[in-house]
Amino acid sequence: MSVRVRFAPSPTGHLHIGGARTALFNWLYARHTGGKFILRIEDTDVARNTQEATEMILEGLRWLGLGWDEGPLTGEATGPSTGDRGPYFQSQRRENYLRRVEALLSRDMAYERDGAIRFRMRREPIVFHDLIVGEVRRELTDREAEDPDFVIVRSDGKPVFHLTNVADDLEMGVTHVIRGEDHLSNTPKHIALFEAFGVQPPKYAHIPLILNADGTKMSKRDRGASLKMYMEEGYAPEALVNYLVLLGWSPKEDRQFFSLDELIERFDLSEVLRHNARFDLAKLQWMNGQYLSRMEEDRFVELGVHAFARAGLDPGRYPPGYVKAALRTCRNKIKTFGELPEYAGFYFKERLDYDPEAEEKFFTPENRELLERLRETYANLDEWTPGYLEAQLKNLAGLLNIKPAALVHPLRLACTGRRVGPSLYHLMEVLGKETVLRRIDEALARIPPQTPTA
RNA sequence: GACCCCAUCGUCUAGCGGUUAGGACACCACCCUUUCACGGUGGCGGCACGGGUUCGAUUCCCGUUGGGGUCGCCA
């Protein structure tokens, strides 16, 4: 039987980073086995669900590159979808649930109490085999020992998660349930429900959770818990995917980088680890930087431009060749595109703002003459290449009997307003002679005059 | 509290009875260097603890401790 897996998020907020990894594992398993990846929206709790949240989920999955074979096409519950087992919104499947409940009721496998409908849960422990965890034998908790039955339809008539989840998995022909380990303890309920419906339950694979760096549970409120942050802060989706897949799964090779095709080929449930993993932003950043360094130039430029635009700068007003050259000087320098506006915003600003500390340190009366000499030197050049600019600066440093760095720092500040940035000589080449000279003049205008020596 | 899962450097992991316990990130030092980074070289750093089993345990079993999860008319 061909594999059918699903990602079934509840649209209560942004797509959680843990949810993103669950989706990724499902997607990879489907692709690896040649099966289908289904997206189902579990929006049964109307009070907490929003269309906007659903759209965030779709957008997030698309951004990651995790396309679904069946599921909604838009965030609208009654909107279009793909696949023949829809609707893919639980809010649209009410009839199915009620039919299932009727079936249970008629066979006395469920009963009504206080207006809610409860499922007659088995009193004995349930043993099942999890593809990742292995044999799981769950005893009843003391609370369950008191009353193991659980609500499947609330008194307001709304079906509850356990019921909808199982009913849909059944009707959508889901063969493997790959989900977070937080559902492990729910599994006996689900198995009992499947059996009550007279069918074999699907295979289960509970993947370990992603924890915060300090080992605590990652909650919605934690910074970094939302996929949105990574989308906004300039991460490359392929880097995030690469990082995420290595949290809780190991290809057992001494490599860190895997293309999507390689992942599809290698990924299997049998190598999913059994213990939780902490999220390490530093490693993600390193990995993202590596991806940025290897990225196709056109894409790097495109994403770079987008990052500048997000910060209110407008590279679109500059010639494409200039933009491209400017971004080229940032290659191998930044780890995320989010750093770009601060790192290289000077390319797209008519008026520079200056780092106050750097200004205090380098725009000093003593440096005024150095900048003037630099300006004079550069004003007379008719060749404007990095190598030549560097040679001229070093030559001047030699004449003045000072270290090149003494010139480099004030000059960088004058050109960029910052003390760090791309290669000075390359950035000057991109800026062009006219702009460089103008910026030196502007810097000079900010430097207090040389105090007369007493 | 009950129940379930888990446990190798700070972090992600390799290891599946005998290894100088390997790699990556991070950190430190040095080199490269106009800054920052990249890159290169080297270093620091780990089998949670206690019992077994065994000629021999990181590895198998039990317990303890610790972490996580679940116990809802949320999903």
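Here the structure is shown first, and the text comes after it.
Overview of the structure. (Residues numbered from 1 in each chain as written. Chains lettered and ligands numbered in written order. Predicted model: local features only at pLDDT ≥ 70, side-chain atom pairs only at ≥ 80, totals over all residues. Heavy atoms only, no water.)

## Comments concerning the protein's contact with RNA strand B
Taken together, 68 residues surround RNA strand B, and among them Arg143, Arg154, Gly248, Arg274 and Ser423 come closest. Backbone sugar and phosphate groups make up 74% of those atoms of RNA strand B lying within 4 Å of the protein. Glu390 has a polar side-chain atom sitting 3.3 Å from a phosphate oxygen of RNA strand B. Between a base oxygen of RNA strand B and a side-chain N or O atom of Arg412, the distance comes to 3.1 Å. (Near = heavy atom within 4 Å. Polar contact = N/O pair within 3.5 Å; in protein donor to acceptor, adjacent residues only side chain to side chain.)

## Section: the nonpolar core
Within the largest apolar cluster, 109 residues are counted, with the highest numbers of intra-cluster contacts made by Leu244, Phe279, Tyr347, Tyr378 and Met428. Considering every element that reaches this core, the biggest residue donor is helix α1 (residues 17-33), with nine residues. Domain assignment of the residues forming this core places at least three in each of domain 1 (4-211) and domain 2 (351-444). Once residues within four sequence positions are removed from consideration, Tyr378 is found in contact with Trp384, Leu389, Gln392, Leu393, Leu411, Met428, Lys433 and Leu437. Residues Ile38, Val136, Val153 and Ala167 belong to the second largest nonpolar core, which totals 30 residues. (Core = buried A, V, L, I, M, F, W, Y, C linked by side-chain atoms within 4.5 Å. Buried < 20%, exposed > 50% of the residue type's maximum accessible area, 1.4 Å probe, protein only. Helix = DSSP H or I, 4+ residues; strand = E, 2+ residues; numbered from the N terminus. Domains from an automatic or database assignment. Contact = heavy atoms within 4.5 Å.)

## Here we look at helix α6 (residues 187-196)
Owing to its 3.6 residues per turn, the α-helix brings residues three or four apart onto one side. In terms of burial, α6 is a largely internal element, nine of the ten residues being buried. Downstream of α6 by a residue or two, Gly198 has a phi angle that is positive, lying close to 80 degrees.

## Observations regarding unusual backbone geometry
Along the chain, Gly86 connects to Pro87 via a cis peptide bond; the corresponding omega equals 0 degrees. For Pro87, the location among the structural elements is in the loop between β4 (81-82) and α3 (94-106). Positive phi values are uncommon outside glycine, yet Asp114 reaches one of about 55 degrees. Within the secondary structure layout, Asp114 lies in the loop between β5 (110-113) and β6 (116-119). For Asp114, a relative accessible area of 72% puts it in the exposed group. The backbone of Asn401 sits at a positive phi, close to 60 degrees, despite the residue not being glycine. If you trace the backbone, Asn401 turns up in the loop between α16 (386-400) and α17 (404-416). Taking relative accessible area as the criterion, Asn401 reaches 71% and is therefore assigned exposed.

## A short note on the packing of α3 against helix α5 (residues 161-171)
Across the interface, α3 lies against α5 with an axial gap of 10 Å and an inter-helix angle of 100 degrees. Classed by the angle they form, the pair α3 and α5 counts as roughly perpendicular. Facing Asn96, Tyr97, Arg99, Arg100 and Val101 of α3, the residues of α5 in contact are Leu163, Thr164, Ala167, Asp168, Leu170 and Glu171. Classifying every residue of the contact of α3 with α5 gives five nonpolar, two polar and four charged. (Axes fitted to C-alpha atoms, helices over the stretch in contact; angles between N-to-C directions. Parallel < 35°, antiparallel > 145°, perpendicular 65-115°, else oblique. Nonpolar A, V, L, I, M, F, W, Y, C, P; charged D, E, K, R; others polar.)

## So, the pattern of salt bridges
This structure, assessed with the given rule, holds 36 salt bridges. With a shortest N-O distance of 3.1 Å, Asp108 and Arg120 are connected by a salt bridge. Here Asp108 is found in the loop between α3 and β5, whereas its partner Arg120 is found in the loop between β6 and β7 (126-130), with twelve residues between them in sequence. The class of Arg120 is partly exposed, set by a relative accessible area of 38%. Note that Glu297 is salt-bridged to Arg328, the shortest N-O span being 3.0 Å. Taken together, the residues span a long stretch of sequence, with Glu297 in helix α11 (residues 297-310) and Arg328 in helix α12 (residues 320-328) at a distance of 31 residues. (Salt bridge = Lys/Arg side-chain N within 4 Å of Asp/Glu carboxyl O.)

## Some points on the packing of aromatic side chains
Per the stated rule, a full pass over the model turns up 19 aromatic pairs. Between Phe308 and Phe348, the ring centres sit 4.8 Å apart and the planes meet at 65 degrees, which makes this aromatic pair edge-to-face. A residue pair is termed long-range when its members are at least 10 positions apart, and Phe308 in helix α11 and Phe348 in the loop between α13 (340-344) and α14 (356-362) qualify at 40 residues. Here the two residues Phe308 and Phe348 agree in accessibility, since each one is buried. Aromatic pair Tyr354 and Phe363: ring centres 5.6 Å apart, planes at 65 degrees, arrangement edge-to-face. We note that Tyr354, like Phe363, is buried. Grouped by ring-pair contacts, the aromatic residues Phe308, Tyr318, Tyr322, Phe346, Tyr347 and Phe348 constitute a single cluster. (Phe/Tyr/Trp six-rings, centres within 6.5 Å; stacked < 30°, edge-to-face > 60°.)

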